[in-house]
Amino acid sequence: MKRKEVPNATTGSSNQPAKKPRTSTKAKGKQKQEPQVIWPEYFQDLLKVFKALNTVLAFVSSRKHLATTFPVVRKSVEGLLKRPLELSKVAELKALLPDLVKFAYIPRNELRIHAETASQVQRSGRKSPDFSLNSQGSSSSQLPGMEEDEHVLVLEFAENVKGKEKQPGLGLSLPPAMSPSQTKKLIENRDNRFTCAVNELLSATPAGDDAARLLQAAARDHIPVNPKAKGLIPTQVEDSKASDKTIIPGPEERPSVDEVIREIEEQEWYKNQIVDRRTIQAREARQGTLDEPLSESIQQALRNSRKISSLYLHQAAAINAISNKKHVIVSTSTASGKSVIYQVPLLRLLEEDPSATAIFVYPTKALAQDQRTALEQLLWSCPGLHHIKVANYDGDTPQEQIRESASVIFTNFDMIHASILPHEDLWRTFLGNLKLLAVDELHYYANLFGSHIAQVIRRFRRVCAAVGNPQTTFVSCSATIAKPSQHMKRIFGVEEVDEITEDGAPSGIKDYLVWDPPFVDDQAPQLGRHSSLSEATGLMRFLMKRGIRVILFCKIRKACELAMKTLRTELSAEGRLDILAKVMPYRGGYSQEDRRRIENEAFSGNLLGIVATNALELGVDIGVLDAVIMLGFPFGIANFRQQAGRAGRRARDSLAILVADGLPIDQHYVNYPDDLYNRPMEELIVDLDSKVIIEGHLQCAAQEMPLSKDDHIYFGPLLAELCDTKLTKDQDGWYHTHPKFLPYPAKHVSIRGIEEEKYSLVDITKVGEKNEVPKILEEVEISRALFEVYEGGVFMHQGLTFIVKEVSHDTKMARLVRADVNWITSPRDFTNVDAKQTYRIKAIPNSPHMVFFGGVDIVTVVYGFYKIRNKKILDVVDIDTPPWERHGSGFWLDVPKSILDLMRSKGFRPAEAIHSACHAWMNYFALATELRTECKAAEKEYKISETKRKRPARLIFYEGSGKSGSSAQGFDHASEILRKAHNAVESCPCAEGCVNCIHSPGCREENKVSSKIGALIILRGLLNLEINPDSIPDQVDEATGFDTIIEADYIRPVDGVKVESP
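None of the values given here were measured: they were computed from a predicted structure.

## Observations regarding the overall build of the protein chain
Along the backbone of the protein chain there are 33 helices and 35 strands. Residues classed as buried in the protein chain amount to 55% of the 1062 residues present. Taking the contacts inside the protein chain whose residues are at least 6 apart along the sequence as the reference set, 77% of them involve residues at least 24 apart.

## Comments concerning the nonpolar core
Taken as a class, soluble globular proteins show a tendency for nonpolar side chains to be buried jointly. Of all hydrophobic cores here, the largest spans 46 residues; its most connected members are Phe-891, Trp-921, Leu-955, Phe-957 and Ile-1018. Counting residues per element, the ones that place at least two in this core are strand S28 (850-869), strand S30 (884-894), helix H28 (897-905), helix H29 (910-922), strand S33 (954-959), helix H32 (974-987) and helix H33 (1012-1022). For this core, the leading source of residues is H29, giving 8 residues. Excluding residues within four positions of it along the chain, Phe-891 makes contact with Val-851, Phe-852, Phe-853, Trp-921, Leu-931, Leu-955, Ile-956, Phe-957, Ser-967, Gly-970, Phe-971 and Ala-974.

## Focus: H32
In an α-helix there are 3.6 residues to a turn, and that puts residues three or four apart on one side. Under the 1.5 Å per step criterion, the end-to-end length of H32 is 20 Å for 14 residues, consistent within 8% with the ideal 20 Å. Restricting attention to buried positions, one finds in H32 the residues Ala-974, Ser-975, Ile-977, Leu-978, Ala-981, His-982, Ala-984 and Val-985.

## Regarding the packing of aromatic side chains
Under the criterion given, the structure shown has 30 aromatic pairs. Here a set of aromatic residues connected by ring pairs shows up, and it is made of Tyr-342, Phe-360, Tyr-362 and Phe-410. Lying over the aromatic face of Trp-427, Arg-403 brings its terminal NZ or CZ to 5.9 Å of the ring centre.

## Quick look at the sheet that holds strand S10 (residues 408-411)
Remark on secondary structure: sheet strands pair via backbone hydrogen bonds, oriented parallel or antiparallel. Pairing in this open sheet of 7 strands is parallel, and the strands run S9-S10-S8-S11-S12-S7-S13 from one edge to the other. The open sheet terminates on both sides in strands that have one partner only, identified here as strand S9 (390-392) and strand S13 (498-500). Going across the sheet, the axis of each strand differs from the next one's by a mean of 15°, ignoring polarity. Inspection of the sheet shows strand S8 (residues 357-361) paired to S10 by 4 bridges, in the parallel sense. Bridge pairing links Phe-360 to Phe-410 in S10. In the packing of helix H9 (residues 313-323) onto the sheet, contacts are made with strand S7 (328-331), strand S11 (434-439), strand S12 (473-478) and S13, and the angle to S7 comes to roughly 170°.

## Concerning the environment of Leu-448
In this structure, Leu-448 sits in helix H15 (residues 447-466). Spatially, the C-alpha atom of Leu-448 lies 7.3 Å from that of Val-686, the residues being 238 residues apart in sequence.

## Observations concerning the sheet that holds strand S23 (residues 775-781)
The 5 strands lie next to each other as S23-S22-S26-S25-S24, forming an open sheet whose pairing is mixed. Of all the strands in the sheet, the pair left with one neighbour each is S23 and strand S24 (794-797). Direction aside, neighbouring strands of the sheet carry axes that sit 35° apart on average. As defined by bridge partners, S24 adjoins strand S25 (residues 800-808) across 4 bridges and the pair is classed as antiparallel. What sits directly across from His-797, in S25, is Leu-800. Taken strand by strand, helix H18 (residues 557-573) contacts S23, S24 and S25, and its axis lies near 80° from that of S24.

## Looking at a negative patch on the surface
A contiguous patch of negative charge on the surface is contributed by Asp-291, Glu-292, Glu-351 and Glu-352. Its place among the elements puts Glu-351 in helix H10 (residues 340-352). We classify Glu-351 as partly exposed; its relative accessible area is 32%.

## With respect to the packing of helix H24 (residues 691-704) against helix H26 (residues 719-726)
As a packed pair, H24 and H26 sit with axes 10 Å apart at the nearest point and diverge in direction by 65°. Comparing their axes, H26 and H24 come out roughly perpendicular. Note that H24 runs across H26; the crossing there is right-handed. Residues Lys-691, Ile-694, Glu-695, Leu-698 and Gln-699 of H24 form the contact with H26, whose participating residues are Leu-719, Glu-721, Leu-722 and Lys-726. Looking at the contact of H24 with H26, its residues break down into 4 nonpolar, 1 polar and 4 charged.

## Thoughts on the pattern of salt bridges
Pairing between side chains of opposite charge can happen when their charged atoms approach one another. Evaluation of the coordinates by the stated rule reveals 50 salt bridges. A salt bridge links Arg-83 to Asp-45; its shortest N-O distance comes to 2.8 Å. Taken together, the residues Arg-83 in the loop between helix H2 (70-81) and helix H3 (87-96) and Asp-45 in helix H1 (residues 41-60) connect sequence positions 38 residues apart. The partly exposed category is assigned to Asp-45, whose relative accessible area is 23%. Here Asp-972 makes a salt bridge to Lys-842, at a shortest N to O gap of 3.8 Å. Of the two residues, Asp-972 sits in helix H31 (residues 966-972) while Lys-842 sits in strand S27 (residues 824-843), which places them 130 residues apart along the sequence. Under the relative-accessibility criterion, Asp-972 is labelled partly exposed at 31%.

## Comments concerning the side chain of Arg-784
Within the secondary structure, Arg-784 is located in helix H27 (residues 782-788). One polar contact links Arg-784 to Glu-788, side chain to side chain, over a distance of 2.9 Å. Every residue in contact with Arg-784, bar those within four places of it in the chain, is listed here: Arg-557, Arg-587 and Glu-778.

## With respect to the environment of Ala-95
If you trace the backbone, Ala-95 turns up in helix H3. Remark: the alpha-carbon pair of Ala-95 and Ala-219, spanning 124 residues in sequence, is separated by 5.3 Å.

## Brief notes about the pairing of S24
The two faces of S24 match: Val-794 and Met-796 on one face and Phe-795 and His-797 on the other face are all buried. Hairpin geometry of S24 and S25 is characterised by an intervening segment of 2 residues between the two adjacent antiparallel strands and by a positive phi of about 55° at Gln-798.

## Remarks on the packing of helix H17 (residues 532-545) against H18
Interhelical geometry of H17 versus H18 gives an angle of 55° and a closest axis separation of 10 Å. Considering the angle they form, H17 stands oblique to H18. The hand of the H17/H18 crossing is right-handed. Judged by residue contacts, Leu-533, Thr-537, Met-540, Arg-541 and Met-544 of H17 engage Ala-559, Leu-562, Ala-563, Thr-566, Leu-567, Glu-570 and Leu-571 from H18. Within the contact of H17 with H18, the residues separate by chemical class into 8 nonpolar, 2 polar and 2 charged.

## Quick word on the pairing of S8
Of all 5 residues that make up S8, 5 are buried, and the element is covered over most of its length. Of the two faces of S8, the one lined by Thr-357, Ile-359 and Val-361 and the one lined by Ala-358 and Phe-360 are each fully buried.

## Things to note about the state of the cysteines
Inspection of the entire model under this criterion finds 0 disulfides. Here Cys-997 is not disulfide-linked; the sulfur of Cys-990 is the nearest cysteine sulfur, at 3.6 Å. Classification of Cys-997 by relative accessible area gives buried; the value is 0%.

## Brief notes about unusual backbone geometry
Residue Pro-743 is bonded to the preceding Leu-742 through a cis peptide linkage, with omega at 5°. Structurally, Pro-743 can be placed in the loop between strand S21 (735-736) and strand S22 (758-763). Of note in the backbone geometry, Lys-307 takes a positive phi value of approximately 60° without being a glycine. The topology assignment puts Lys-307 in the loop between helix H8 (296-306) and H9. Unlike most non-glycine residues, Asn-447 shows phi in positive territory, near 60°. Tracing the sequence through the fold places Asn-447 in helix H15.

## Some details on the confidence of the model for the protein chain
With 85% of its residues at a pLDDT of 70 or more, the protein chain shows a mean pLDDT of 84. Per-residue pLDDT stays below 50 along residues 1-35; that stretch engages in 71 contacts with residues further than four places along the chain or on separate chains. Taken as a whole, residues 116-149 scores under 50 in pLDDT and shows 60 contacts with residues more than four places along the chain or in a different chain.

## Considering H28
Every buried residue of H28 is listed here: Ile-899, Leu-900, Leu-902 and Met-903. The arc that holds every buried residue of H28, seen down its axis, measures 165°, which confines them to one face. Of the residues in H28, the exposed ones pointing more than 90 degrees away from the buried face are Ser-898 and Ser-905. Those residues of H28 that are buried lie in contact with H29, H33 and strand S34 (1045-1046). Once H28 ends, the next one or two residues include Gly-907, with phi positive near 85°.

Reading the values: the criteria
Along every chain, residues carry numbers that run from 1 in the direction the sequence is written. Under the rules for a predicted model, residues below a pLDDT of 70 receive no local features and side-chain atom pairs below 80 are neither given nor counted, while totals for whole chains, interfaces and linings still include all residues. The side-chain values count all of the structure's non-hydrogen atoms but skip hydrogen atoms and water molecules. A run of DSSP states H or I qualifies as a helix once it reaches four residues; a run of E qualifies as a strand once it reaches two. Both are numbered from the N-terminal end. Buried, partly exposed and exposed residues are distinguished by accessible area as a fraction of the type maximum, computed with a 1.4 Å probe on protein chains only: under 20%, between the cut-offs, and over 50%, respectively. What makes two residues a contact is simply this: any of their non-hydrogen atoms within 4.5 Å. Each nonpolar core is a collection of buried residues, namely Ala, Val, Leu, Ile, Met, Phe, Trp, Tyr and Cys, held together in the definition by side-chain atoms within 4.5 Å. A helix is expected to span 1.5 Å multiplied by its residue count minus one. Pairing of aromatic rings covers Phe, Tyr and Trp, the last counted by its six-membered ring, and requires centre-to-centre distances within 6.5 Å; plane angles under 30 degrees mean stacked, over 60 mean edge-to-face, and any other angle means tilted. Criterion for a charge above a ring: Arg CZ or Lys NZ at most 6 Å from the ring centre, at most 35 degrees from the ring normal. Two strands form a pair only when DSSP identifies at least two bridges running between them. Axis lines are fitted to C-alpha atoms, over the contacting stretch for helices. Their N-to-C directions set the angle, which ranges from 0 to 180 degrees. Patches were defined on residues exceeding 30% relative accessible area and lacking a salt bridge, with like-charge contacts within 9 Å and nonpolar side-chain contacts (Val, Leu, Ile, Met, Phe, Trp, Tyr) within 5 Å. Only the protein chains shown count as cover for residues, and all accessible areas are computed by the Shrake-Rupley method using a 1.4 Å probe. By definition, a salt bridge exists where a carboxyl oxygen of Asp or Glu is found within 4 Å of a side-chain nitrogen of Lys or Arg. The convention is simple: Lys and Arg are positive, Asp and Glu are negative, and His and the chain ends are not counted. Working definition for charges: the position is that of NZ of Lys, CZ of Arg, CG of Asp or CD of Glu. Oblique is the label for every angle not falling under 35 degrees (roughly parallel), over 145 degrees (roughly antiparallel), or within 65 to 115 degrees (roughly perpendicular). In this scheme, a crossing is called left-handed if the near helix is turned counterclockwise away from the far one by less than a right angle; it is called right-handed if the turn is clockwise. Amino acid classes used here: Ala, Val, Leu, Ile, Met, Phe, Trp, Tyr, Cys and Pro are nonpolar; Asp, Glu, Lys and Arg are charged; the rest, including Gly, are polar. Each polar contact in these results corresponds to two N or O atoms within 3.5 Å; when the atoms are within protein, one needs to be able to donate a hydrogen and the other to accept it, and residues that are neighboring in sequence are counted only if both atoms are side-chain atoms. A pair of cysteine sulfur atoms is labelled a disulfide when the two atoms are within 2.5 Å. pLDDT is defined as a per-residue confidence score from the predictor, taking values between 0 and 100. It is the directions from the helix axis to the C-beta atoms whose arc is reported.

Given below as structure tokens:
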């Protein structure tokens, strides 16, 4: 593997690198003919054992209701051999064929198919069956000192045939129902595998050595050890190099990252998963000089509370700019000391004017509380400033108390919007003395939320000017982003901003790895690859055992819970409860108390591992982290770099690993890893032209103080039109809030989008026991609850599994019971997005086709779920849930009938083409994150039986988070974006689609239903560009399924609608 060293991961050539092929150490496909080798009698006897095992296991491999517990398999094999089956013989087979043979203890609950809790079993006297071939009698796999029924020894072979694909979009299948001839073929293939393995061993054995003794020695490491055996057998770990690994090194004693990577590459389970490695060299600190030296008291405070005796280059540059009353944005790496940038100027201001005030804004309460504590320590260490009071203003503290006593408040924009500005008369003294407004994590404010915040800050500036304070200095800090000064200007509405991006902080050496899961069996690639989840959790366990403190980032909450559940199972099976006690999950949805407890545990250094969603991308200080593992490519390059930056926050060597999913986007970065480091980051979007957003904030601003046309200096050129049409004008020419928004207009403007209703999830497991009451686990938004909370489904909370017993959609409450099950559930659902009425029509330039804007109905129905274990469907369940119906606005383009006919004549699936064309359009629309489209699901499009659910041939887009105005913006620019999308798809050099043309990181159905050529045909057709049918290749469609698309019907417009010119 070639190791690359680059001076900076964010710069370099933008040329597309050559595709990096995946290497494999073993041949794929059918076995090649081995040369004839004379076998010793020992291996001839071992062949008899293997054939007997092969026969028995082939019989059970196609029967999902049979579990291959070793005592039962042993009994059947002994019946064929007419002699005892020794444990050591099976271990030898495992050593000979490690990828084929599974011989290990697993928790007995992995064999269960029902979800009774332990208390239910005791009350009913029945147990969930284990479905072994013969479950009668005692288990000979039971070890002394082992509690009954905790673990069971299983013996099975990896499948060499694939089941009938049941849900292509999720990669799920039912176990194969094989014919006698297929069973015979399966047995022959496995026998051939054994023969090849023995031949390889005999050929590789040096002269004078005994191959049988070598195999017996290797087999000792494969004798399964019961993880719960008490004091009988040493704890087994997964490491190839057997040694005492039970002691976890401390932070100072841990091995270097380079040593750990080398050790990984020496493991038996390592199969060239590392497809790319980059090393970013360490960077020395660079100091800066202040134009005006700090006072002795401030220097003393920095030394005593922070051990700071000098300032980094970017810190000094920012403090100098603030001293000159300039607005500043600092965009540097994570943990580069950005908080000092606004804390030091604050101390200066307070020394000069004790009545000065400041507001520090943070995106989360946790981050605000961390920073308040840090500032309090700094103030306490500064002579003369001990009396200065600071406070968190987040709704938990009385407003009057804060206004009267605090000089500095730590808050968020929700409080500024809904509490401070509507009561500006009570805050006038504080705002009149305001010298500094600092906004941390400015990159967090983008898209719809950022567009609202831009208007909140304009309202804030207007109020400050009205109370005689137009000179407040604005400071912002951000992770590395594209065009930071431009972003700050858009957010704050100011014209001049000093941009500081030259990072003077030191950083340790950092390694980046791209990790592609290997094939389950290199010699049987049809079995697919190991799951990215198992690879990521396996890496996490490996690192934690070596004292590497690691965070595992997951893209969605369910993946976070699955990863935590997997870690619980695997660490428990290994007997490493000491490590398990130091691992915690962290995601949105947990209670505030749980989140603060986890943050405190991490900050204090008590944790070895955290499993988190992107909630921890922000700068909450969770202490020293040595490694980051990303489970699947995050939603963008900026997310990738932000997550990777969480490791090495103390200038130590660090590691960032991207564990690739099988999705097209992940595989793009497997093949083109240079894009991770050289590709420019996406610009952050702030919409300053949305009439919907601006109107809402004008209603709020008019209630704070009446508006006039002169206020266009804050709200822009749309103010005059909106004031005349949406507000109320008095006889003196002042504009006031429209009565329908009174008395509290801020309550009508949700800056985070529409607040969803939530379901309360209640744990009733212990209800009925003494002094036990129901306990609320968490609250789940309706958009998630619909897909995660249904009767009979499995819900995961902090890595623990619960069964949903009852859901009340009237009271929005679900009752759950704790059940230690080893399966998950996946909903069977569909969502229809239907245009209902047309409000506007616009012609596409130089084309007879139109773009339509109007009302859209969205209906989601969950009609059942799959019960899944190891990507195998255990059961298919039907349920009856009410549809989730909502109404919004959107726009659409109907695919012409001539284009549909052309695609069908060439063998294209219209659903693939429509889906890809939608994503191509959204990839080039700036506000695409606020829009949704009807994503096509593989399990529906490739269903073997024809569905009655047919969808119109229509590219349709609608607003995903309420009335943001983004769909109206999309309609207005639809033709322009259509042309950009066409040019991108046509010029993209990829063969079947990539992130630069038709694939979307946000596709809920993983971009599996796609066609690049089909998308191009639709885009050309809508733009009325020439299409030569003879140049379009006929498609060879190997997938099953029926055409699910019908011609789009006409949507009636409201009266008086006329076609607008382009």
